[in-house]
Amino acid sequence: MKMIVAIIQDKDSAELGDAFTNADVRATKLSSTGGFLRAGNTTFLIGVENEKVQDVLDIIKETSHARQEFMTPPISMTADAAIQAPIEVQVGGATVFILPVEGFHRF
Ligand code: 2BA
């Protein structure tokens, strides 16, 4: 069994949640915040049997879209505090970690 941790953009979370339900994939949705943009994103925790991992990855890939966002860099990131122009950042469709699961219990 594996635990898939998928960080996706809030805009895609409803569609991804529906896709998981339709595919009978059990998931937990957490509200999270990106460390760089400090904007809200969504983290799904999905516990799945090894043979279903690829199916889940396919669903995430189909549903998650990369987008361009703008952020104003903090003063510490700019050479000159007077230059505070927003920079364009490409936010990925999904950042996914796959972890081994030692145990799974439902009581
Ligand atoms: P954020 O940390 O808010 O990052 C949003 C986007 O900003 C990133 O998109 C990346 O394109 C850019 N970015 C992040 N850190 C940067 C830096 N130090 N310098 C320049 N650009 C930077 P993604 O890579 O697609 O990441 C989307 C979100 O996934 C992240 O939001 C974060 O919440 C999560 N994430 C990404 N990599 C992670 C990792 N290795 N561990 C934990 N969470 C991660």
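Up top is the structure these notes are about.
Note that the structure is predicted; figures quoted are calculated from it, not measured.

Undergrad: It is not clear to me how the overall build of the chain should be interpreted in this structure. Could you clarify?
TA: Each helix and strand in the chain was counted, giving 2 helices and 6 strands. Mapped from its N terminus to its C terminus, the chain presents α and β elements in the order β-α-β-β-α-β-β-β. A compact globule built from 107 residues should have a C-alpha radius of gyration of about 13 Å, whereas the chain, at 17 Å, is more than 25% larger. Taken over 107 residues, the chain has a buried fraction of 28%. Long-range pairs, those at least 24 residues apart, make up 68% of the contacts in the chain between residues at least 6 apart in sequence. Total accessible area computed for the chain in this model is approximately 7,200 Å², and 54% of it derives from carbon and sulfur atoms. Seen as two clouds, the 9 positive and the 14 negative side-chain charges of the chain have centres 4 Å apart.

Undergrad: What should I look at first to understand the sheet that holds strand β1 (residues 2–9) in this one?
TA: What holds strands together in a sheet is hydrogen bonding between their backbones, with the strands either parallel or antiparallel. Read from one edge of the open sheet, 4 strands run β2-β3-β1-β6, paired in antiparallel fashion. One side of each edge strand has no neighbouring strand; the edge strands of this open sheet are β2 (27–33) and β6 (94–100). The mean angle between the axes of side-by-side strands here comes to 20°, regardless of whether they run parallel or antiparallel. Pairing geometry for β1 and β6, over 7 bridges, is antiparallel. Directly across from Ile 7, in β6, lies its bridge partner Thr 95.

Undergrad: Please clarify how the packing of aromatic side chains should be interpreted in this entry.
TA: Between two aromatic rings, the relevant description is the distance of the centres plus the angle of the planes. For the structure on display, the rule yields 1 aromatic pair. When the ring of Phe 20 is compared with that of Phe 44, the centres are 5.5 Å apart and the planes differ by 75°; the resulting orientation is edge-to-face. Of the two residues, Phe 20 sits in helix α1 (residues 10–22) while Phe 44 sits in strand β3 (residues 40–48), which places them 24 residues apart along the sequence. Phe 44 carries the same exposure label as Phe 20, and that label is buried.

Undergrad: Can you walk me through the site of the ligand in this structure?
TA: The local shell around the ligand consists of Ile 7, Gly 34, Gly 35, Phe 36, Leu 37, Asn 41, Val 89, Gln 90, Val 91, Gly 92, Thr 95 and Phe 97. One of the backbone N or O atoms of Leu 37 is found 2.8 Å from an oxygen atom in the ligand. The contact in question runs from an oxygen atom of the ligand to an N or O atom on the backbone of Gln 90, over 2.6 Å. Contributions of two or more residues to the shell around the ligand are made by β5 (87–91) and β6. Take the shell around the ligand: its biggest share by element is 3 residues, from β5. When the residues that make up the shell around the ligand are grouped by side-chain class, the tally is 6 nonpolar, 6 polar and no charged.

Procedures and definitions
Residues numbered from 1 in each chain as written. Predicted model: local features only at pLDDT ≥ 70, side-chain atom pairs only at ≥ 80, totals over all residues. Heavy atoms only, no water. Helix = DSSP H or I, 4+ residues; strand = E, 2+ residues; numbered from the N terminus. Rg over C-alpha atoms; globule rule 2.2 N^0.38 Å. Buried < 20%, exposed > 50% of the residue type's maximum accessible area, 1.4 Å probe, protein only. Contact = heavy atoms within 4.5 Å. Areas by Shrake-Rupley, 256 points an atom, 1.4 Å probe, with all protein chains shown as cover. Lys, Arg positive; Asp, Glu negative; His and termini not counted. Charge placed at Lys NZ, Arg CZ, Asp CG, Glu CD. Pairing = 2+ DSSP bridges. Axes fitted to C-alpha atoms, helices over the stretch in contact; angles between N-to-C directions. Phe/Tyr/Trp six-rings, centres within 6.5 Å; stacked < 30°, edge-to-face > 60°. Near = heavy atom within 4 Å. Polar contact = N/O pair within 3.5 Å; in protein donor to acceptor, adjacent residues only side chain to side chain. Nonpolar A, V, L, I, M, F, W, Y, C, P; charged D, E, K, R; others polar.

None of this, on its own, says anything about what the molecule does.
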